[in-house]
Amino acid sequence: MSLLHIAGEVTLHVYAAGVNRQTKFQVVDCTSAYNAIMGCPWIHDMKAVPSTLHQAIKFATPWGVQEIKGEQENSRSCYQTTLKGTTEPSNDIPR
């Protein structure tokens, strides 16, 4: 198993459906299909309820319950693009 080397941390404002929260991100140097992965600290801070089945996350705001939906086609395209760039064998796969 290869471990990611964390290059550093950065705190950024994340604006989601009218709510702005400061969120700490760990910066890693690796190929990924994602720009950012929102983990448990952000989910808990937002008091959000994620659903992987529905590819959505819901959370309460002063304006009512908001929902952010995933974009399956864009996600699939990004993932496939990322896989095309990984032609070298991984260190954790026996040759």
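These numbers come from a predicted model, not from an experiment.

1. Some points on the overall build of the protein chain
For step 1, the next point in the chain: When you go through the protein chain residue by residue, the secondary structure sums to 2 helices and 5 strands.
For step 2, the next point in the chain: Seen in sequence order, the protein chain has helices and strands lined up from the N terminus as β-β-α-β-β-β-α.
For step 3, the next point in the chain: Split into buried and exposed, the 95 residues of the protein chain put 16% on the buried side.
For step 4, the next point in the chain: For the protein chain, the accessible surface area stands at approximately 8,200 Å², while carbon and sulfur atoms represent 54% of it.

2. Section: the layout of surface pockets
For step 1, the next point in the chain: Considered as a void within the structure, the second largest pocket measures approximately 640 Å³ in volume.
For step 2, the next point in the chain: Contributing to the lining of the second largest pocket are 23 residues, with Phe25, Gln26, Val27, Ala36 and Ile37 lying nearest its centre.
For step 3, the next point in the chain: When residues of the lining of the second largest pocket are traced back to their parent elements, those giving at least two are β1 (6–16), β2 (19–28) and α1 (40–45).
For step 4, the next point in the chain: Ranked by the residues each element gives to the lining of the second largest pocket, the list is headed by β2, at 7 residues.
For step 5, the next point in the chain: Residues of the lining of the second largest pocket, tallied by class, amount to 14 nonpolar, 6 polar and 3 charged.

3. Looking at the environment of proline 41
For step 1, the next point in the chain: Inspection of the secondary structure assignment puts proline 41 in helix α1.
For step 2, the next point in the chain: Between the alpha carbons of proline 41 and threonine 23 there is a distance of 8.3 Å; along the sequence they are 18 residues apart.

4. Regarding the side chain of threonine 23
For step 1, the next point in the chain: The topology assignment puts threonine 23 in strand β2.
For step 2, the next point in the chain: For threonine 23, the contacting residues outside a window of four places in its chain are Val10, Thr11, Leu12, Val14, Met38 and Trp42.

5. Considerations on the side chain of threonine 61
For step 1, the next point in the chain: With respect to the helices and strands, the residue threonine 61 is situated in strand β4 (residues 56–61).
For step 2, the next point in the chain: A distance of 2.7 Å separates a polar atom in the side chain of threonine 61 from the backbone oxygen of glycine 64.
For step 3, the next point in the chain: When sequence neighbours within four positions are dropped, the list of residues in contact with threonine 61 reads Ala17, Val19 and Gln66.

Reading the values: rules and limits
Residues numbered from 1 in each chain as written. Predicted model: local features only at pLDDT ≥ 70, side-chain atom pairs only at ≥ 80, totals over all residues. Heavy atoms only, no water. Helix = DSSP H or I, 4+ residues; strand = E, 2+ residues; numbered from the N terminus. Buried < 20%, exposed > 50% of the residue type's maximum accessible area, 1.4 Å probe, protein only. Areas by Shrake-Rupley, 256 points an atom, 1.4 Å probe, with all protein chains shown as cover. 1 Å grid on protein atoms, 1.4 Å probe; cavity = no way out; pocket = protein on both sides within 12 Å on 5 of 7 lines; lining within 4 Å. Points joined across faces, edges and corners; volume = space filled by probe spheres on them. Nonpolar A, V, L, I, M, F, W, Y, C, P; charged D, E, K, R; others polar. Contact = heavy atoms within 4.5 Å. Polar contact = N/O pair within 3.5 Å; in protein donor to acceptor, adjacent residues only side chain to side chain.

All quantities given are derived from atomic positions and should not be read as evidence of function.
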